[in-house]
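Here's the letter readout for the chains.
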Amino acid sequence: MRRAAQEGIRLGDFAEIFPGSVRKADLDEEPDATDTDGRRRVLTPTLLTSTLPDVADLPLRGDQREPRRRLRQGDIIGRDLAGIRHWTCVPSQYDGVQPGKGLIVIRLTEELLPHEYVIAYLSSALAEQQLPKYGVIPRIKAREMADIWIPRCDGSLSEIRAALAMLDAGERGAARIQDDLHRRRMRIFESGTGSVRRGRLDDAAAISSLTAQNLRRHNEPYKLFQDSYPYAVARAVRKFRHSLSLAEKHEAAIQCAESLIPSLGVMALALAADRGRQDLPAIAQWSQSVERGGVSLGHWVGVVKAVAEDARQHGDPASGLVEATAVRRAGKAWSPISTNWSCSATRSGTAQAHAHGPSWRRALGASNR
């Protein structure tokens, strides 16, 4: 329990948890189809699935009694019965709907963690192990959920949300691919000649093979680095990942920075040349260093910062350079080691570097002397 307190946050410390109260017997067995009073609508546990129904399709309460609590936009709801609980965030159109008996409602009183993160954890097997269950048919009680510990996650709320959104998008994409492969498998046996069926089989096998190749490639870190970063950076990252001792990791991290900084500098110079901004003082200092026969890492960093700041003032994203060099939370300045450089930005910058490349390649050679 002490370890959980150090690594997590008790749910009851930043949320109010209560059960749904409207019984099945309270529902109108013969509802008036013309009744549009949304405040009489009741969300029952059986209607809580992966997709919420329209409010107009919810059953009506048979009397005018006020429930103990109503749903609010942003509430987290789930079933109290073991199995698929379908933890879901209440949308705006459900504001004021009455929660039926058998639902658990979690209302965050302080957003220490994003709603999406809390839902993701509650949907996990680890959270299910924490939930105390009662009865022959195991159910959870709202008051007992206050003592659940939600693991901490570093980063701002927006960063965590963005990462979860990317994860959800990837899962949906993978599900679509799986569904498509399943349909192609079933289509093989539809009516047609033997030759037609063989063609369907070959097509399905080719698509499946291509999908498997892409998955294998993305499961190999070095392959992923090779596809995303310049060779020198990819090699340094690979060395860091395979380092065993702290001393080796420290040396590899330095090599990562020494490889990454000139790569970003080349991209920044290419962006400046493409936009006609070679007159920036930092670029002038860099050019003087090239003429003197050597460019230091400090000159490269100066170019990156100068080009990024110039682009920021002109409202230009500069292929991601502005975002990558932005001041982070708690006033942390940009660091080339911690920069989360997007693959698309790297490819875009590399293309521009080739377009304006000879002088940059000469400078790289000078900086390595």
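The notes below deal with the structure included here. Predicted, not measured: the structure shown is a model, and the values here were computed from it. (Residues numbered from 1 in each chain as written. Predicted model: local features only at pLDDT ≥ 70, side-chain atom pairs only at ≥ 80, totals over all residues. Heavy atoms only, no water.)

## Observations concerning helix 8 (residues 246-274)
With 29 residues, helix 8 should cover 42 Å at 1.5 Å per step; its first-to-last C-alpha distance of 42 Å lies within 8% of that length. The positive-phi residue at the C-terminal boundary of helix 8 is Gly 276, with phi of around 70°. (Helix = DSSP H or I, 4+ residues; strand = E, 2+ residues; numbered from the N terminus. Expected span 1.5 Å × (residues − 1).)

## Considering the packing of helix 2 (residues 115-122) against helix 4 (residues 157-187)
For the pair helix 2 and helix 4, interaxial distance at closest approach is 8 Å and the crossing angle is 50°. Judged on the interaxial angle alone, helix 4 and helix 2 are oblique. Between helix 2 and helix 4, the contacting residues are Glu 116, Tyr 117 and Ala 120 on the first element and Ile 160, Arg 161 and Leu 164 on the second. Broken down by class, the residue content of the contact of helix 2 with helix 4 amounts to four nonpolar, no polar and two charged. (Axes fitted to C-alpha atoms, helices over the stretch in contact; angles between N-to-C directions. Parallel < 35°, antiparallel > 145°, perpendicular 65-115°, else oblique. Contact = heavy atoms within 4.5 Å. Nonpolar A, V, L, I, M, F, W, Y, C, P; charged D, E, K, R; others polar.)

## Topic: helix 9 (residues 281-292)
An α-helical turn contains 3.6 residues, so a residue and the one three or four places further along point in the same direction. A rise of 1.5 Å per residue sets the reference length of helix 9, with its twelve residues, at 16 Å; its end C-alpha atoms lie 17 Å apart and thus fit the reference within 8%. Listed in full, the buried residues belonging to helix 9 are Ala 282, Ile 283, Trp 286 and Ser 289. For helix 9, the arc enclosing every buried residue in end-on projection is 115°, short of the 170-degree limit, so these residues lie on one face. Projecting away from the buried face of helix 9 at angles above 90 degrees are the exposed residues Pro 281, Glu 291 and Arg 292. Taken from the residues just after helix 9, Gly 293 is the one with a positive phi, measuring 100°. (Buried < 20%, exposed > 50% of the residue type's maximum accessible area, 1.4 Å probe, protein only. Arc of directions from axis to C-beta.)

## Some remarks on the pairing of strand 7 (residues 103-108)
When you tally the buried positions in strand 7, you get six out of six residues, the bulk of the element. Across the two faces of strand 7 the burial is the same, with Leu 103, Val 105 and Arg 107 and Ile 104, Ile 106 and Leu 108 all buried. Direction of pairing for strand 2 (residues 15-19) relative to strand 7: antiparallel, over a ladder of five bridges. When the bridges of strand 7 are listed, Ile 17 appears paired with Ile 106. (Pairing = 2+ DSSP bridges.)

## Concerning the nonpolar core
Residues Ile 283, Trp 300, Val 303, Val 307 and Leu 321 are the most contacted members of the largest nonpolar core, which totals 27 residues. Contributions of two or more residues to this core are made by helix 7 (231-242), helix 8, helix 9, helix 10 (297-313) and helix 11 (321-324). Here this core takes ten residues from helix 8, the largest share from any one element. Judged by nonpolar contacts, the second largest core, of 26 residues, contains Ile 9, Ile 140, Ile 150 and Ile 160. (Core = buried A, V, L, I, M, F, W, Y, C linked by side-chain atoms within 4.5 Å.)

## Some thoughts on a nonpolar patch on the surface
On the surface, Leu 81, Val 136 and Ile 137 cluster together into a nonpolar patch covering about 320 Å² of accessible area. By the secondary structure assignment, Val 136 is in the loop between strand 8 (133-134) and strand 9 (139-140). Assessed through its relative accessible area of 84%, Val 136 is described here as exposed. (Patch = residues over 30% accessible without salt bridge, like charges linked within 9 Å, V, L, I, M, F, W, Y side chains within 5 Å. Areas by Shrake-Rupley, 256 points an atom, 1.4 Å probe, with all protein chains shown as cover. Salt bridge = Lys/Arg side-chain N within 4 Å of Asp/Glu carboxyl O.)

## Points about the pattern of salt bridges
Applying the stated rule across the entire model yields 21 salt bridges. Its salt-bridge partner being Asp 13, residue Arg 10 comes within 2.9 Å of it at the nearest N-O pair. With relative accessibility at 23%, the residue Arg 10 sits in the partly exposed group. Through salt bridges with shared partners, one network takes in Arg 23, Asp 26, Arg 61, Asp 63 and Arg 65.

## Things to note about the sheet that holds strand 4 (residues 76-79)
If you walk across this open sheet you meet the four strands as 2-7-4-5, and the pairing is antiparallel. Where the open sheet ends on each side, the last strands, each with one partner, are strand 2 and strand 5 (88-89). The sheet strands contacting helix 2 are strand 4, strand 5 and strand 7, and the helix crosses strand 4 at an angle near 15°.

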